[in-house]
Amino acid sequence: MTKDSGFKHENLVSKRADARTFTHFSSSGTEGAPPGFKPHPKPLALHWGMPNAGFFPIDSIDVNLVEYPFQKSLSIPITNASVESFFPDEKSTTGKNTVTINKVDDSKYLDITTALQYGPVAGLSPLLQFTEDFITRVHKPAYEGWGTIITNGAGDGLNKVADALLDPGDVILLEEFTFVPFLKNIENSGGIPVPIKLNLDQESGKELGLDLDYLTNLLENWKTEKPGLPSPKALYVIPTGQNPTGTTQSVETRKKVYALAEKYDFAIIEDDPYGYLSLQPWQKPANTFKLNDFLEVDDYIANHITPSYLTIDTSGRVLRIETFSKLFAPGLRLGFIVAHKRFTKVIENYSNVVTRSSSGTSQLIVQNVIAKKFGGVDGWLQWILKMRVTYSHRRDLLLNQLFESEAYKKGYLGVIDPTAGMFASVFIKFPEGVDAQAKLQLLNFKFQNFGVGVVLGANMAVDRKFSEERATFYRLTFAPANNDQEIIEAGKRFVDAVEDFFAKGLEY
Ligand SMILES: Cc1ncc(COP(=O)(O)O)c(C=O)c1O
């Protein structure tokens, strides 16, 4: 049973966001109308400065689609693959790989006339409807009164939630290694970031990722631990396939974190670009690719993705950031936020100032492809399942290179095998007494020399000093490689560079 929470978190809305109002200069309005005033039922427009769709040079758009990732460039054979079985005809309104977008369409599909016109700041309604249906199907919030708003991707969503929550001097907690561009949004809102320790010790026997004991203790003793700082207003987490560490919080941890949020009254910003890319357990890669090794949608939702904080949220304190960047394409600059409508309303007012509506072209393409080709939410999830299998295969390839290496066998490397997302963190195990940070910097030059790009964990620390001891890893990703051979070669270059570095006595 869900219950209507009303809105209990006025104190969490920033004063800046709350003070913002919006009235369009060309709205006619009825305020101050003389007695007997009666507006015409069908007024003609000489007020909106929008070009009629007849001026648009585009009449229709054909979007040609693939049936599965890398369809045109997969370099190893697919086993048991019957391409038709991936997309039974009834799931596609066209039964073909081409989706045609019309100048004028019925209300179910976005058309060119609507989407290429100035549009509502919160998003075009068929796409907004999809986001609501999607969240209802996959991560239904445990309260009523939630809504969604379209953004220009997660980066934009993050800026908007920072504005909605943080006044100058407000504290926000973050995982100590995180998506650091968000720090700039926090700075922009005048917030103060405070890092929370992560447990990255695979021998600890404790869940990897957010250190719950550390967080609990910090909150319990806030006044003595952080004298002079106000109690935190928000916690920012990347709970699944965390960037950069690749760790995933269990549901139990999420419930405990939420209980702390209730007790100490802070908002939870859940940034989850990787949440749907849960990976299959690691297996030694075969030289064929089992593309159709994928799950039923119901099984996937029930057993293979970790429920969002939204599903635990009974009081409307979770703001979830979604994006189409990792599942469709980053250049669309399209995503959405799910939160209590009190929050989505202030975010809409901010959008009116900073971005206005998101790209109509992006909304048009995403809505039409999902509705016409995939047939809605479940078909879209089937596409995601194909991505999941493809990412699992790539992770298997990269990690296999690491596990088989001399560097690994000699104990120079520690690998966090991700259960979701596109990142694996690889720790370098230095002998006692070595200045690890200096050596990691040096080793980074070796990677460049051997021809492989990686991210130094320390570069993603909220506070380098605070995280020095744990910043002994590199972030590797199996997302950008063009093909399997590139992943294998990149992994080989990585381990060769490490071996060479150790062979030279930790010198370049
Ligand atoms: C955790 C996290 N948040 C946000 C973003 C930004 O995503 P978008 O492309 O949707 O702006 C990324 C991109 O890498 C990310 O890893």
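In what follows, the structure referred to is the one given above.
Just so it is clear, the structure is predicted and the values come from calculations on it, not from any experiment. (Residues numbered from 1 in each chain as written. Predicted model: local features only at pLDDT ≥ 70, side-chain atom pairs only at ≥ 80, totals over all residues. Heavy atoms only, no water.)

**Student:** I'm lost on the packing of aromatic side chains in this one. Help?
**Tutor:** Ring pairs (aromatic) are described by centroid distance and by the angle formed between their planes. Overall, the coordinates contain 21 aromatic pairs when judged by the stated rule. Centroid distance F430 to F502: 6.2 Å. Interplanar angle 10°. Geometry classified as stacked. With a gap of 72 residues between them, F430 in the loop between β15 (423–428) and α15 (436–450) and F502 in helix α17 (residues 484–503) connect regions that are remote in the sequence. Every member of this aromatic cluster is reached through a ring pair, and the members are F324, F328, F336, F374, W380 and W383. For the cation-ring pair, K446 lies above Y508, with the distance from its terminal atom to the ring centre recorded as 4.6 Å. (Phe/Tyr/Trp six-rings, centres within 6.5 Å; stacked < 30°, edge-to-face > 60°. Helix = DSSP H or I, 4+ residues; strand = E, 2+ residues; numbered from the N terminus. Lys NZ or Arg CZ within 6 Å of the ring centre and 35° of its normal.)

**Student:** When you look at the site of the ligand in this model, what are you seeing that I'm missing?
**Tutor:** In the neighbourhood of the ligand, 13 residues make up the surrounding shell, with A154, D271, Y274, T323 and S325 lying closest. Within the contact set of the ligand, a nitrogen atom lies 2.5 Å away from a side-chain nitrogen or oxygen of D271. Within the side chain of K326, one N or O atom sits 2.8 Å away from an oxygen atom of the ligand. When the free accessible area of the ligand is taken as 400 Å², the share hidden by the protein chains comes to 89%. Residues of the shell around the ligand, tallied by class, amount to five nonpolar, five polar and three charged. (Near = heavy atom within 4 Å. Polar contact = N/O pair within 3.5 Å; in protein donor to acceptor, adjacent residues only side chain to side chain. Areas by Shrake-Rupley, 256 points an atom, 1.4 Å probe, with all protein chains shown as cover. Nonpolar A, V, L, I, M, F, W, Y, C, P; charged D, E, K, R; others polar.)

**Student:** Any chance you could explain the nonpolar core here in plain terms?
**Tutor:** Most often, soluble globular proteins keep nonpolar side chains buried together rather than apart. Counting residues in hydrophobic clusters, the biggest one holds 143 residues, and the most contacted among them are F134, L173, I269, W380, Y474 and F494. Of the residues forming this core, the biggest block, 12 residues, is contributed by helix α13 (residues 377–403). Of the domains in this structure, domain 1 (101–388) and domain 2 (392–503) are the two that each give at least three residues to this core. (Core = buried A, V, L, I, M, F, W, Y, C linked by side-chain atoms within 4.5 Å. Buried < 20%, exposed > 50% of the residue type's maximum accessible area, 1.4 Å probe, protein only. Domains from an automatic or database assignment.)

**Student:** Just checking my understanding: could you explain the pattern of salt bridges for this structure?
**Tutor:** Note that side chains of opposite charge can pair when their charged atoms are close. Evaluated as defined, the whole model comprises 30 salt bridges. For R342, the salt bridge is made with D18, and the minimal N-O distance between the two is 2.9 Å. Placement of R342 in helix α11 (residues 341–354) and of D18 in helix α1 (residues 15–19) is noted, with a sequence separation of 324 residues between them. The partner of D417 in a salt bridge is R395, and the shortest N-O contact between them spans 3.4 Å. One end of the pair, D417, is in the loop between β14 (413–416) and β15; the other, R395, is in helix α13, and 22 residues separate them in sequence. (Salt bridge = Lys/Arg side-chain N within 4 Å of Asp/Glu carboxyl O.)

**Student:** Sorry, what's going on with the sheet that holds strand β10 (residues 234–237) here?
**Tutor:** What links the strands of a sheet is backbone hydrogen bonding, and the strands pair in either a parallel or an antiparallel sense. Reading across the sheet, the seven strands line up as β5-β13-β12-β11-β10-β6-β7 and stay open at both edges, with mixed pairing between neighbours. Of all strands in the sheet, those bounded by a partner on one side alone are β5 (146–151) and β7 (192–196). Within this sheet the neighbouring strands show an average axis-to-axis angle of 20°, counted without direction. Sheet topology places strand β12 (residues 318–323) next to strand β13 (residues 335–340); four bridges connect them, and they run antiparallel. Pairing of T323 across the sheet is with G335, part of β13. Each of β5, β12 and β13 is contacted by helix α4 (residues 125–138), which is oriented at about 130° to β5, the strand it contacts most. Sheet strands touched by helix α5 (residues 154–165): β5, β10, β11 (267–271), β12 and β13. Its angle to β12, the strand with the most contacts, is close to 160°. (Pairing = 2+ DSSP bridges. Axes fitted to C-alpha atoms, helices over the stretch in contact; angles between N-to-C directions. Contact = heavy atoms within 4.5 Å.)

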